[in-house]
Every structure is written in structure tokens, then in C-alpha cells.
There are 2 protein chains.
Amino acid sequence: MTETAPPADASLPAIGVRTTRQRQAILTALTGRTHPMTAQAVHTALTGAGHRIGLSTVYRALHRLAEVGLLHSFEVGGERAYRRCPDTTHQHLLCDKCGLITECPPHLVDAWLTELRATTGFTPHADRIDLHGHCADCTAAAR
Amino acid sequence: MTETAPPADASLPAIGVRTTRQRQAILTALTGRTHPMTAQAVHTALTGAGHRIGLSTVYRALHRLAEVGLLHSFEVGGERAYRRCPDTTHQHLLCDKCGLITECPPHLVDAWLTELRATTGFTPHADRIDLHGHCADCTAAAR
DNA sequence: CTCCGTGCAAAGCATTTGCATCCAT
DNA sequence: ATGGATGCAAATGCTTTGCACGGAG
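Calculation notes
- Residues numbered from 1 in each chain as written.
- Chains lettered and ligands numbered in written order.
- Predicted model: local features only at pLDDT ≥ 70, side-chain atom pairs only at ≥ 80, totals over all residues.
- Heavy atoms only, no water.
- Salt bridge = Lys/Arg side-chain N within 4 Å of Asp/Glu carboxyl O.
- Helix = DSSP H or I, 4+ residues; strand = E, 2+ residues; numbered from the N terminus.
- Buried < 20%, exposed > 50% of the residue type's maximum accessible area, 1.4 Å probe, protein only.
- Domains from an automatic or database assignment.
- Buried area = accessible area lost by both parts, 1.4 Å probe.
- Polar contact = N/O pair within 3.5 Å; in protein donor to acceptor, adjacent residues only side chain to side chain.
- Nonpolar A, V, L, I, M, F, W, Y, C, P; charged D, E, K, R; others polar.
- Contact = heavy atoms within 4.5 Å.

Structural notes on the pattern of salt bridges
Residue and element names in this part refer to chain B. Going through the model one piece at a time under the given rule, you end up with eight salt bridges over all chains. Glu103 serves as the salt-bridge partner of Arg83, at 2.5 Å between the closest nitrogen and oxygen. Of this pair, Arg83 sits in strand S3 (residues 79-84) while Glu103 sits in strand S5 (residues 101-103); the two residues are 20 residues apart in sequence, bridging distant segments of the chain. With relative accessibility at 3%, the residue Arg83 sits in the buried group.

Here it is as C-alpha cells:
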């Protein structure tokens, strides 16, 4: 398994993306978050924190950063939200209650996907799976 | 598990939905389709076929019909698309190439979901799973 | 020095909503 | 008759785009 642990903030140029104050701010804002953020949310957070950045810049930056793989994007209630990827796993478990996103154990999925493909002929995109449900905490809280 | 096998076109009132010319037209337009349609597409199709129906009516009707379980809705490229449900299975395989939607063999998923839940504590919504990939035909065509 | 990236404001678009009218029950 | 359904048009809200300026490499 190739580790692509996301560089703290740096090495953007290595991926063909210029390092700018705005992009660094966005990456920083997204770092450590388990919940995804929409462009608007990121913009609000940044400007609220004193940063000077345009909304369209946020949209463009998020799009670009997702494109080069530094961010993952999700469809949340008709809006697009982004989160830093903690690892190379692109198989996510989305909690519809609290918004938490966790990684799905790859081995657990891969075997199943193989079976699914063999059985149905359908070739699933193993590198982009979003499964909705309730996270462990919310499940426990509901009891 | 409650059976909600979709009545051909009829018995709308039984579900608490009034039978109107427009809703029947929408259901008819959607019948037999393997690919989902957006509200705009449905509206275009209907008006093109000579029906008199407002766009907002289409939006409202689709929303309502999906609500009562006669339709399934999907997120396709940032737009909402609808399709009649051929059965009670709400586990779909979406082809990102041709747009085809097929049902996923329930038994195949259920076992896996159980395992997933046991392993991670995450409770997946077993009745609403959309898996992206390439359908059998598109997979074959790509070789 | 060259372009990529940014900001601002205008434009795009799918979807929603207000309100008067209409029709299914 | 009565409340849900419809149509039209205006409004909403997220996202994109045009264009000139600024900063990274």
C-alpha cells in the first residue's frame, strides 16, 4: 500500500500547485478536522479569523486541491464539502447524523468489491466509496 | 421489512397522494427507464410530448413521489435525478459512464454490511446504498 | 519576467417559494 | 366544499466566470 500521508502544509509545488498564502490558510483550516467543510464554511472561518481571501478563491482552491489529491470532496445535502485525507483510503463512512467521516478498513471492502464484481459484472470504483449511516458514537447515543 | 412494491401507476390515493394528470404523466414518463431523469429532463420530455405542466410542478411531484417511495432519487453530477423503483431494493449500482442504474443483489450486501458494522461500530443505512462504478456493458466495452 | 493565482462583481443555473386559481375527493 | 395540487414568475443560494491586478517561481 502506497503511503501518501499528506504533507503537513508543504510540498505543494511538488504536485504542480503554487504555494500561496490563501491555499496554506485553507489547508490549515481543514487540518485535523474529522468533519468536512463547504466552501462557504471555509470562507467564513478564514475571514472570521482575520484572513483576507475571496470566496471565489476558496472555491477554486478547494477544487484544485481536491484535484491533486490533497483533499477529498463529498456531497453533503446538495452541497460540496471538503476534508483533508488522512491517508490513501478513499473509502469513507459518512455519519448522516453528526457529519463525521471515518475511513473504511480497506481489506474489509476490497474482498467484498471483488465478490461483487465477480457476481454482477459491475466494476465498482474501489477508490471512491461513500457509505452513509450512523457512526459508532451516534449509534450508541441512539440506544 | 415492509413491502412497498410500487403499484403500476395507480393506487396513489392509498399512499396519501392525489391522483392528478401531471403525476400520472410523470410516472408514465419514468416507467421502464433504467436511467434516472432530472426534473428538467422530465419537464422537457413531457412538454415536448404535448403535455401541459409547469416546471415547479415537476419538482414538487418528483419530491413527493420519492417521499412516498414510488421513486428513488440520486445525486448525479450535482443534480438530483429520479427513477422508478423496480422493487424494494434500495441498493444501487450506478454506472458513471452510461448512467445505468441496476439493483444490487441484497444478500450480497447484507452480509457485508453486517460484518462492517460488527467490525467498525458504524451502522450503515442498508436501505440506501449507491455504489459508483462501471456497469457490466461499459466494463466489457472498455476492454 | 511570466504565468498562475487572486479579488471583486456579475452571471449561471438548478431548485424553491408566494400566491391566486383549479380540481380531486 | 375544501384542502391539496398546479402554474407562473420572482426569488434563493451555491457555484462559476470575466477581467485586471498581484505575487510565486
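Observations concerning the domain arrangement of chain A
In many reports, interface size means the accessible area that the parts give up when they come together. Residues and elements named next belong to chain A. Partitioning chain A into domains gives domain 1 (13-83) and domain 2 (91-142). One C-alpha centre belongs to domain 1, the other to domain 2; they are set 24 Å apart. Where domain 1 abuts domain 2, roughly 660 Å² becomes buried across the two surfaces, and 55% of that area is made up of carbon and sulfur atoms. Summed over the three residues of domain 1 that lose the most area to domain 2, namely His35, Phe74 and Arg83, the buried surface amounts to 60% of that side. Run the count over domain 1 and domain 2 and you get one salt bridge. Linking domain 1 with domain 2 are seven residue pairs in polar contact (both at pLDDT 80 or more), by the criterion used here. With three residues, the single largest contributor to the side of domain 1 that touches domain 2 is strand S2 (residues 71-76). Along the lines of polarity and charge, the residues of the side of domain 1 that touches domain 2 split into two nonpolar, four polar and one charged.

Some thoughts on the side chain of B:Thr123
Mapping B:Thr123 onto the fold places it in strand S6 (residues 123-124). Only 3.5 Å separates the side chain of B:Thr123 from the side chain of B:Arg117, close enough to count as a polar contact. Those residues in contact with B:Thr123 that lie beyond four places of it in its chain are A:Gly133, A:His134, A:Thr139 and B:Arg117.

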